[in-house]
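In case you want the letters, here they are:
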Amino acid sequence: MNLNVPITQRVTQRIEIIFWDFVINTLTHSEFVRRLLPRVYRFLEPKAVREALILVMIASFAGFICGFLINLYILAR
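Residues numbered from 1 in each chain as written. Predicted model: local features only at pLDDT ≥ 70, side-chain atom pairs only at ≥ 80, totals over all residues. Heavy atoms only, no water.

Caption draft 1: Here's a closer look at the packing of aromatic side chains. All chains considered together, the criterion is met by two aromatic pairs. Look at Phe19 and Trp20: their rings are 4.9 Å apart centre to centre, the planes differ by 75 degrees, and that puts the pair in the edge-to-face class. On the basis of relative accessible area, Phe19 is assigned to the partly exposed category, the value being 44%. The class for Trp20 is partly exposed, based on a relative accessible area of 46%. A ring pair is formed by Phe64 and Phe68, whose centres lie 6.5 Å apart and whose planes are at 15 degrees; its orientation type is stacked. Placement of the pair is Phe64 and Phe68 together in helix 3 (residues 46-76), with a separation of four residues, close to one helical turn. For Phe64, a relative accessible area of 55% gives the class exposed. Among the residues examined, Phe68 registers a relative accessible area of 44% and is labelled partly exposed. (Phe/Tyr/Trp six-rings, centres within 6.5 Å; stacked < 30°, edge-to-face > 60°. Buried < 20%, exposed > 50% of the residue type's maximum accessible area, 1.4 Å probe, protein only. Helix = DSSP H or I, 4+ residues; strand = E, 2+ residues; numbered from the N terminus.)

See below:
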């Protein structure tokens, strides 16, 4: 490593190396992760993600409106 690089960047680079060593080792040796990864990938396909985000947005908007209306009702009493 270059010692002229700031210490925070050296620490960040070291953490990144440790992370990727862990990921590569896990993907190489873990049968569970190798079976799980394709399932997770299929779940995160663009169409599935889009549909899930739309559902989350609808639920969030409905919760916001309900909270707003309940607040108005309580204040109007």
